[in-house]
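A look at the structure
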Amino acid sequence: MTATSPTQAPSTAETAINNIKGTEEPEVADKGAETETETDADEFEDNGIIDHTTFDQLLEMDDEEDHEFSRSLVWNYFEQAEKTFEDMNNAMEKLDFPDLSRLGHFLKGSSAALGLTKVKESCEKLQHYGNRKDAAGVNNITNEEAETLISALLVQMRREYNEAESYLKVFYDGQE
Amino acid sequence: MSVDSIHGHALRLDSPLQLDQRKIKVMIVDDNSINLSILSRMLEKHFTDIVQLTVFMTSGVEALQRLATEEFDLILMDIDMPVLTGVQTTVAIRQNTSECPVLEHNQNVPIIAVTTSDGAEQRALYQQVGMSDCVSKPIVLSKLRSAIEGAMKGIKRVLCE
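Analysis parameters
Residues numbered from 1 in each chain as written. Chains lettered and ligands numbered in written order. Predicted model: local features only at pLDDT ≥ 70, side-chain atom pairs only at ≥ 80, totals over all residues. Heavy atoms only, no water. Helix = DSSP H or I, 4+ residues; strand = E, 2+ residues; numbered from the N terminus. Buried < 20%, exposed > 50% of the residue type's maximum accessible area, 1.4 Å probe, protein only. Contact = heavy atoms within 4.5 Å. Areas by Shrake-Rupley, 256 points an atom, 1.4 Å probe, with all protein chains shown as cover. UniProt positions renumbered as here; feature names shortened; annotations may be inferred. Pairing = 2+ DSSP bridges. Right-handed = clockwise from strand over helix to strand, strands pointing away. Disulfide = S-S within 2.5 Å. Axes fitted to C-alpha atoms, helices over the stretch in contact; angles between N-to-C directions. Parallel < 35°, antiparallel > 145°, perpendicular 65-115°, else oblique. Left-handed = near helix turned anticlockwise from the far one by under 90°. Arc of directions from axis to C-beta.

1. A closer look at the overall build of chain A
If you tally the helices and strands in chain A, you get six helices and zero strands. Burial status across chain A gives 44% buried among its 176 residues. If you take every contact in chain A between residues at least 6 apart in sequence, the share linking residues at least 24 apart comes to 67%. Here chain A displays about 9200 Å² of accessible surface, and carbon together with sulfur accounts for 44% of that area.

See the structure below:
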């Protein structure tokens with residue numbers, strides 16, 4: 001996937017969408033579409049899903065021999081994320097941009113706290129697009145551009161979240 | 001200058017040395033339960049030498065209500081919250097108006113911003129409204145400790161003058 005330079009606004013919304021979607025990965029908007037192939041958590045490591053500095057700091061706060069604190073936190077995050085995605089979809093149907101921006105910021109905080117790098121970055125973009133700004137939060141964009149960008153971004157964000165969720169579930173399954 | 005004359009009411013301290021030994025009461029304000037859990041766990045695990053008690057508020061409104069009736073030594077404040085932002089809440093604390101009163105002790109309580117909104121302009125704003133420091137999310141333990149110790153040293157300095 002070609003990354004859009006953070007300093008350059010896309011010349012057209014279509015270009016931005018193509019940059020976001022890429023060409024080689026299938027879209028996964030629905031959780032039910034994810035594959036069930038068991039994969040070692042380590043295989044995800046180079047994909048930038050998890051910031052291990054942050055996640056390891058979280059694990060260090062667990063009691064010895066027991067990951068109950070971090071596990072419950074992560075599962076709470078899953079619940080929070082699912083609810084937030086639902087709210088995002090509702091807000092998108094109404095084209096409620098301020099609400100989309102707020103929801104993006106909200107999920108950005110907890111995603112960052114757990115070290116979920118890609119989800120956090122997409123949440124930040126949503127925050128900006130909802131404010132009718134470009135991905136870097138600098139230049140203005142139109143409502144139509146925001147709608148198109150957000151529509152594609154929600155698909156991407158869901159895919160990134162599914163990836164992170166799979167990684168974390170494999171990680172904690174391996175701790176039992 | 002005595003402690004009483006600075007604060008206008010009696011504190012249970014006779015000397016700055018006792019402030020070193022007395023543990024502090026902290027309020028955490030954040031509308032995101034995940035962030036609240038992480039920060040409270042950090043304090044519980046890594047700050048037992050400093051923190052006696054932690055109280056959690058999920059909004060600026062709740063925080064102001066609590067600050068009207070209970071004294072705190074430190075506030076860790078999220079910035080982007082609905083209804084009242086962390087900046088607005090801090091302004092209300094510092095202004096301590098009759099419409100939005102807090103206990104006199106709390107009017108100058110150290111407030112540390114804990115936020116992903118941590119650019120240079122935003123940090124300048126936090127300082128302008130009376131926050132003592134800003135810790136970025138995700139929180140790095142050493143930076144949180146440095147911010148808390150710096151904020152508490154600022155209080156000690158005032159008490160010693």
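2. With respect to the UniProt feature "modified residue: 4-aspartylphosphate" (unreviewed entry) in chain B
Residue and element names in this part refer to chain B. This chain's UniProt record puts "modified residue: 4-aspartylphosphate" (unreviewed entry) on Asp78. Tracing the chain through its elements places Asp78 in the loop between strand S3 (74–77) and helix H5 (86–95). Since its relative accessible area comes to 4%, Asp78 is described here as buried. Setting aside residues no more than four positions away along its own chain, Asp78 makes contact with Val29, Asp30, Asp31, Gly86, Val114 and Lys137.

3. A few points about the pairing of strand S2 (residues 51–57) of chain B
All names here are of chain B. In terms of strand pairing, strand S1 (residues 24–29) meets S2 through six bridges, oriented parallel. Bridge pairing in S2 links Met27 to Val55. A crossover links S1 with its parallel partner S2, the connecting element being helix H3 (residues 33–46), and its sense is right-handed.

4. Here we look at the environment of Arg132 of chain A
Residue and element names in this part refer to chain A. Of note, Arg132 is situated in the loop between helix H5 (117–130) and helix H6 (143–173). Look at Arg132 and you get partly exposed, because its relative accessible area is 25%. With 41 residues separating them along the chain, Arg132 and Ala91 place their C-alpha atoms 15 Å apart. In this structure Arg132 touches Phe97, Asn139, Asn140, Ile141, Thr142, Asn143 and Ala146, once residues within four positions along its chain are discounted.

5. So, the state of the cysteines
Here a disulfide denotes a covalent bond joining the sulfur atom of one cysteine to the sulfur atom of another. One pass over the structure, following the stated rule, counts zero disulfides over all chains. Just so you know, Cys123 of chain A is unpaired, no disulfide at all, and the nearest cysteine sulfur is the one on Cys134 of chain B, 20 Å from it. Assessed through its relative accessible area of 0%, Cys123 of chain A is described here as buried.

6. Some points on the sheet that holds S1 of chain B
Residue and element names in this part refer to chain B. Pairing is parallel across the open sheet formed by five strands, whose spatial order is S2-S1-S3-S4-S5. Both edges of this open sheet fall to S2 and strand S5 (133–136), since each of them pairs with a single strand only. The sheet shows a mean angle of 20° between the axes of neighbouring strands, taken without regard to direction. Pairing of strand S4 (residues 111–115) with S5, which is carried by four bridges, proceeds in the parallel orientation. Within S5, the position partnered with Ala113 by the bridge is Cys134.

7. Considerations on the UniProt feature "modified residue: Phosphohistidine" (unreviewed entry) in chain A
Mapped onto the present numbering, the UniProt feature "modified residue: Phosphohistidine" (unreviewed entry) falls at His105 of chain A. In this fold, His105 of chain A is placed in helix H4 (residues 97–114). Those residues in contact with His105 of chain A that sit more than four places away from it in its chain are Cys123 and Gln127 of chain A together with Asp80, Thr116 and Ser117 of chain B.

8. Some details on the packing of helix H2 (residues 52–59) of chain A against H6 of chain A
Residues and elements named next belong to chain A. The geometry of H2 relative to H6 is characterised by a closest axis approach of 15 Å and an angle of 40° between their N-to-C directions. The orientation of H2 relative to H6 falls into the category oblique. Regarding H2 and H6, the two cross each other, and that crossing is right-handed. Packed against H2, whose contacting residues are His52, Phe55 and Leu59, the element H6 presents Tyr167, Leu168, Phe171 and Tyr172 at the interface.

9. Some remarks on helix H4 (residues 60–67) of chain B
Residues and elements named next belong to chain B. Among all positions of H4, only Gly60, Ala63, Leu64 and Leu67 are buried. Buried residues of H4, seen end-on, are gathered within an arc of 95° and therefore sit on one face of the element. On its buried face, H4 sits against S1, S2, S3, H5 and helix H6 (104–107).

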